[in-house]
Amino acid sequence: MDVKTGFFFLFSAVLLIAALRVVTARNPVHAVLFLMLAFSQASAIWLLLQAEFLAVALVLVYLGAVMVLFLFVVMMLDIRIDQLRQGFWKHLPLALLLGGIVVVEMAAVLLTGFDMVDPQVAAQLPAGVAEESNAKALGILLYTRYVWPIQIAAAILLVAMIAAIALTLRARKDSKAIDPSIQVRVRAADRLQLVKVEPTRPAEPMADAAATEEKKA
């Protein structure tokens with residue numbers, strides 16, 4: 001067994017243990033952390049299979065955004081574990097049935113096997129793409145054969161982003177948002193006013209204060 005195979009079995013073992021702990025951990029925060037560990041091991045396996053783009057996308061999208069969001073949501077919500085576990089055994093048969101279906105489907109896909117590159121697809125690729133690395137070959141396809149769909153999708157996402165910002169910054173009666181242009185043009189004299197205050201009198205000596213109290217009595 002070479003080093004690459006050893007790393008594959010190591011990452012796969014950690015991935016299986018982390019996935020098992022995701023569904024068996026009692027604390028939701030621990031479950032999310034184990035899920036992040038599972039995604040990191042899956043990314044390492046993608047790297048071993050020379051799928052660099054999928055590995056980087058898995059780290060950036062899931063570990064960098066989605067799982068961090070899940071972690072903050074779970075930590076901020078007041079989740080009562082006892083209420084979540086009330087119907088566990090009632091739904092166990094359905095969960096086992098769905099899990100068995102997933103296992104059968106995955107076994108059918110893995111046992112039938114698949115070719116790394118379809119000859120018909122390879123014949124349609126631009127010259128030199130098949131010899132390049134995974135990420136470079138994907139980039140060549142995206143910016144040569146699929147350049148117009150990529151540009152259209154980018155324009156749609158840009159319009160959606162601008163619309164979301166415009167809807168967020170629109171003036172509403174229930175919002176206390178301040179116009180940044182007004183904040184830039186503000187002067188110190190408009191916000192700060194100096195008021196002259198009479199100086200305070202010095203404190204009376206202790207003897208004089210006692211005499212004053214006796215006179216009042």
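Remember, it's a predicted structure, so these values are computed and weren't measured experimentally. (Residues numbered from 1 in each chain as written. Predicted model: local features only at pLDDT ≥ 70, side-chain atom pairs only at ≥ 80, totals over all residues. Heavy atoms only, no water.)

Within the chain, the regular secondary structure consists of eleven helices and zero strands. Going from N to C terminus, the chain has its helices and strands arranged as α-α-α-α-α-α-α-α-α-α-α. Expressed as a percentage of its 217 residues, the buried residues of the chain come to 11%. Sequence-distant contacts in the chain: of pairs separated by 6 or more residues, those separated by 24 or more amount to 55%. (Helix = DSSP H or I, 4+ residues; strand = E, 2+ residues; numbered from the N terminus. Buried < 20%, exposed > 50% of the residue type's maximum accessible area, 1.4 Å probe, protein only. Contact = heavy atoms within 4.5 Å.)

The positions UniProt marks with the feature "transmembrane region" (unreviewed entry) are residues 6-24, 31-49, 55-79, 91-111 and 146-169. Within the segment residues 31-49, helix and strand shares are 95% and 0% respectively, and the terminal C-alpha atoms sit 27 Å apart. Along residues 146-169 the backbone is 96% helical and 0% strand, and the end-to-end C-alpha distance reaches 35 Å. (UniProt positions renumbered as here; feature names shortened; annotations may be inferred.)

Two elements in contact, helix H2 (residues 28-48) and helix H3 (residues 52-76), have axes whose closest approach is 9 Å; the angle formed by their N-to-C orientations is 175 degrees. Relative to H3, the element H2 is oriented roughly antiparallel. Counted together, Pro 28, Val 29, Val 32, Leu 33, Leu 35, Met 36, Phe 39, Ser 40, Ala 42, Ser 43, Trp 46 and Leu 47 of H2 and Glu 52, Leu 54, Ala 55, Leu 58, Val 59, Tyr 62, Leu 63, Met 67, Phe 70, Leu 71, Val 74 and Met 75 of H3 form the full contact between these two elements. Here the residues of the contact of H2 with H3 are counted per class, giving 21 nonpolar, two polar and one charged. (Axes fitted to C-alpha atoms, helices over the stretch in contact; angles between N-to-C directions. Parallel < 35°, antiparallel > 145°, perpendicular 65-115°, else oblique. Nonpolar A, V, L, I, M, F, W, Y, C, P; charged D, E, K, R; others polar.)

This brings us to the nonpolar core. Buried together is how nonpolar side chains tend to be arranged in soluble globular proteins. Grouped together as the largest cluster of nonpolar side chains are six residues: Val 32, Met 36, Leu 63, Met 67, Leu 71 and Val 74. Of all the secondary-structure elements, those providing two or more residues to this core are H2 and H3. Of all the elements, H3 adds the most residues to this core, at four residues. Not counting chain neighbours up to four residues away, the residues in contact with Met 67 comprise Val 32, Leu 35, Met 36, Phe 39 and Tyr 62. (Core = buried A, V, L, I, M, F, W, Y, C linked by side-chain atoms within 4.5 Å.)

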